[in-house]
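Coordinate inspection notes
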Amino acid sequence: MEHVFHLMVIWLGAAAAFSSTDMNPINLVVDQSTGGFKLNVPNSSLNFNSADIFFQVSGMMYSTADGSLKKTGYDDGIAFDTLGQYQYKSIQWQAGAARVQTTFRYYTDIPAVVFAQSFPDGANGTSVMNQEHTCTGFPTYKLEGPPAMLGFLSYGGNMFGGGSIGTGEWSKQTTGIRTGLTGGPLAIFDRDLNTVVLSPFSQFMAASVWHNGTAGGEVNYGIMGDVENIPPNCDYHTILFYGKCINQALHEWGGTLMKQYGKTRARTESDFASNYIGYWTDGGAYYYYNTESGKNYEETMIDAIAYAREVGIPYRYLQLDSWWYYKGVNNGVKMWEARPDVFPNGLRALHQKIGLPIVAHNKYWARDTTYAKQNGGNYSFILEGGMSIPTDMMFWNDLFTRSREWGLIVYEQDYLDAEFRGLRAILSSTSLGKQWMMQFGEAASSHDLNIQYCMANPRHALQSVQIPAVTQARVSGDYHPGNEQWRIGISSIMAHALGIRPYKDTFWSTSKQPGSPYGNATEPYPRLQAAVATLSAGPVGPSDMVKGADVKLIMRSCNADGLLLKPSRPTTAVDLQIAEKAFQLDMGPKGEVWTTYSDISGLRFGIILAADLKEDWNITAITAGFGEMMPSFAQKDMGWLFSPFVSFGNATQNILLNKCSKHDFALWYTIPKLHIQKRTILIIGERHKWVRMSPQRVTNINVTNSTVQMSLKGAPGETVVMSFVVQGEDVDITCVLDKAGTSTLDLYSNTCS
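Residues numbered from 1 in each chain as written. Predicted model: local features only at pLDDT ≥ 70, side-chain atom pairs only at ≥ 80, totals over all residues. Heavy atoms only, no water.

**Topic: the sheet that holds strand β19 (residues 195-200)**
Defined as follows: At least two bridges found by DSSP between two strands are what make those strands a pair. Here a strand is any run of E in DSSP of at least two residues, a helix any run of H or I of at least four, and the numbering for each starts at the N terminus. Lines fitted to C-alpha atoms define the axes here, with helix axes fitted over just the stretch in contact, and angles between the N-to-C directions of these axes take values from 0 to 180 degrees.
One open sheet holds the nine strands; their spatial order is β9-β10-β11-β12-β23-β19-β18-β16-β17, and the pairing between them is antiparallel. Edge positions in the sheet fall to β9 (70-81) and β17 (166-169), since each of these pairs with one other strand and no more. Going from strand to strand, the sheet's axes swing by 15 degrees on average, the running direction of each strand aside. Pairing geometry for strand β11 (residues 98-107) and strand β12 (residues 112-119), over six bridges, is antiparallel. Residue Arg105 lies in a different strand from β12, and its bridge partner there is Val114.

**Side note on the environment of Met387**
Rule in force here: We call a residue buried when its accessible area falls under 20% of the maximum for its residue type, exposed when it is over 50%, and partly exposed in between, using a 1.4 Å probe and counting protein chains only. By definition in these notes, contact holds between two residues if any of their heavy atoms fall within 4.5 Å.
The topology assignment puts Met387 in strand β30 (residues 387-390). For Met387, a relative accessible area of 9% translates into the label buried. Separated by 59 residues in sequence, Met387 and Gly328 place their C-alpha atoms 9.6 Å apart. Ignoring any residue separated from it by four or fewer positions in sequence, one finds Met387 in contact with Asn330, Tyr364, Trp365, Ala366, Arg367, Ile382, Ala418, Glu419, Gly422 and Leu423.

**Points about the packing of helix α4 (residues 297-311) against helix α5 (residues 346-354)**
Applicable threshold: Put simply, angles under 35 degrees are roughly parallel, angles over 145 are roughly antiparallel, angles from 65 to 115 are roughly perpendicular, and the rest are oblique. By convention the crossing between two helices is left-handed if the near helix lies anticlockwise of the far one by an angle smaller than a right angle, and right-handed if it lies clockwise. Three residue categories are used. Nonpolar comprises Ala, Val, Leu, Ile, Met, Phe, Trp, Tyr, Cys and Pro, charged comprises Asp, Glu, Lys and Arg, and polar comprises the others, including Gly.
The geometry of α4 relative to α5 is characterised by a closest axis approach of 10 Å and an angle of 15 degrees between their N-to-C directions. By the angle class used here, α4 and α5 are roughly parallel. Of the two possible hands of crossing, α4 and α5 adopt the one that is right-handed. Contacts from Glu298, Met301, Ile302, Ile305 and Arg309 in α4 reach Gly346, Leu350, Lys353 and Ile354 in α5. Split into classes, the residues belonging to the contact of α4 with α5 amount to five nonpolar, one polar and three charged.

**Here we look at the nonpolar core**
What counts is decided by this rule: As used here, the term nonpolar core means buried Ala, Val, Leu, Ile, Met, Phe, Trp, Tyr and Cys residues forming a set that is joined through side-chain atoms within 4.5 Å.
Among the nonpolar cores identified, the biggest contains 208 residues, and Phe160, Trp253, Trp324, Trp336 and Tyr453 are the most heavily contacted of them. Per element, the largest residue contribution to this core is seven residues, and it comes from helix α9 (residues 432-446).

**Re helix α1 (residues 246-261)**
The following threshold applies: A helix is expected to reach a length of 1.5 Å times the quantity of its residues less one.
With 16 residues, α1 ought to run about 22 Å at 1.5 Å a step, and its terminal C-alpha atoms sit 23 Å apart, in line with that. Within the sequence span of α1, burial applies to Ile246, Asn247, Ala249, Leu250, Trp253, Gly254, Thr256, Leu257 and Met258. Gly262 sits one or two positions beyond α1 and adopts a positive phi of about 75 degrees.

**Quick word on the sheet that holds strand β15 (residues 140-142)**
Strand order in the open sheet formed by three strands is β15-β21-β20, with antiparallel pairing between adjacent strands. The open sheet has two edge strands, β15 and β20 (207-212), and neither has a second partner. Ignoring strand direction, the axes of neighbouring strands in this sheet form an average angle of 15 degrees. Direction of pairing for β20 relative to strand β21 (residues 218-223): antiparallel, over a ladder of six bridges. Pairing of Asn212 across the sheet is with Glu218, part of β21.

**So, the state of the cysteines**
Heads up, the condition is: Disulfide: a pair of cysteine sulfur atoms within 2.5 Å of each other.
All chains considered together, the criterion is met by one disulfide. At a sulfur-sulfur separation of 1.8 Å, the disulfide partner of Cys735 is Cys752. Around the S-S axis, the bridge from Cys735 to Cys752 shows a dihedral of about -50 degrees and counts as left-handed. On the criterion of sequence distance, the pair formed by Cys735 in strand β48 (residues 729-736) and Cys752 in strand β50 (residues 751-752) is long-range, its members being 17 residues apart. Judged by its relative accessible area of 26%, Cys752 is partly exposed. The closest cysteine sulfur to the non-disulfide-bonded Cys135 is located on Cys234, 9.7 Å from its own sulfur. The buried category is assigned to Cys135, whose relative accessible area is 0%.

**Some points on the pairing of strand β32 (residues 450-453)**
Put simply, the rule reads: With the strands aimed away from the viewer, a crossover counts as right-handed if its path from the first strand over the helix to the second runs clockwise.
Both faces of β32 are covered, namely the face carrying Asn450 and Gln452 and the face carrying Ile451 and Tyr453. Judged from the four bridges that link them, strand β31 (residues 408-413) and β32 form a sheet pairing that is parallel. Looking across to β32, one finds that Gln413 is bridged to Tyr453. Two elements, β32 and strand β33 (residues 470-474), share three bridges in a ladder whose sense is parallel. From the neighbouring strand, Tyr453 faces β33, where its bridge partner is Ala473. The parallel pair β32 and β33, bridged by helix α10 (residues 458-463), forms a crossover whose chirality is right-handed.

Have a look at this one:
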């Protein structure tokens, strides 16, 4: 039942409270005269007060702080949009020569408030001459309150917001919020993990968040600071979304953005390069700007694929990095065509020779690109400094038409941050950045191509909700043998929330690979690299030298025809890991603890990864993010050995995660406890795969009063060994899949058919 929550306020002017609902517990009170607001969530420590509203117009700042922003009207009512019914309160303002409107939308059926800025006639002279600030501010939030009450998680930098993640306490002493051009979504939570998520909700390429103050101050949402003019009928929206824990709040926030813009997870889930293992040649790879001695790249790539087939690694595509095309000014792309010294017979010949589709890298366009009309080409570009940007949809259509002929399936757009920042034409416009992203996204869709974002700022990440072709994104820095870029547990949360498969980048499967372009570098943790790549549920792309792969390790990730055996969702850091980073109050693990699971036929098979853990830590099904589970057991993978089972599932049962390093990282598997004819049965699955029970392998489980039947799939003729424990005894059943790559296993009869 709806009810009005009355919040005591002492304000000038009338206070208008929204009517909260069973689905939206947020309390929001608006001061109709100042446009300010107070917001809280019952039974939590989430309390926020607004700061001043401001708009830059005709080179002058108009603000509620000094009264220069003049209120001219007010209205309220009820309306509907894609997200359902909402109550609204709108205030009209005069900012010099510009009419402006600020609106609060309070939704009935979801725990969200959307804040809108509207410019019915547009506004000129809006730049504040600082690209890291905003030229408008609504909503604005005061950073206040004592330490240790609220914490924050702030996405920022490149790599889909994972390049510069900030955590800390939300208080009047707060620093570290990621803002400006590289700022991103902000999650604020209390010590019980009640969470609100703040982010732009429209105009993603033109929107910014600005933390005004080195400590404390305000957090402002608006249009980026170098935009010179705001066009008529331009609207910008910010969303505040509430959830009961960090992962859940971010996941539901992302789902709300996807619903708003009509994007589903179906295309991502069917993405070939996220579902099959591939061979990669990007930074960190053995053959990154490096070929076999005395051979060109064409010969080297043919040899690499031939070697993989010889030893039984079923690579299903080949990735080509930045070494294959023509460079120009500022090391940008002059022509996205294969150089004859790299591929003497061309890319089509390579594609036909190896029989694999291609994932191809691209970077920013050079000023001297041969495609631009200014340089004798056929297409409209903006040239600026050492870079350029296409503005001609026909360019992308022609580029992708040609590239499909040599087997392209994924267009990897790298250096998104550099191209965005490198052209003032983008930074001064509300529309050019979006046009750029939408053009190559729409062209990719029309040519049945998927897109991987690399070095994407959070604004690019948010923009992807309007581009169905974007299915995967790098969430880590560049791999280099031995570095720390495997830590993707937090960055993967946002990617998964936005319907994108996170990619941790390539890796070596063996420690020593002589003759690499990295001198004497070694990979000390190939098992950890392989496990993280697989559990990410994104692309898996080893990059070993010819005759340098650990076949057994690589095959832990996939079946015999290269299909990745993944969990149901990407592995992500547990909430208490994030809370510990923010509060540092011994709330959570001091290290990496990530979880995921496979849901098959109503049964949940959990996976817990612990790495670089400085102290022992206990985890329950709830703190693991598994929710209430049926009675289960858990078992630790100890390399090629396995620990005894421990009870796990209810709120009082826990697993002790022992202190561990990156070398001896821990993987725990949870197993539902089944009872059939007074026998206790545990379905273990494939013991020597990273994901023992993958929905890609086991498509159905039928538990009857006499047996367990499992539907299996894989490569035709593949041998699959499924393990069980029946009344404490190990039972292994070996199935050989039929010509269709399927089999039905029956535990009672110990047969496959």
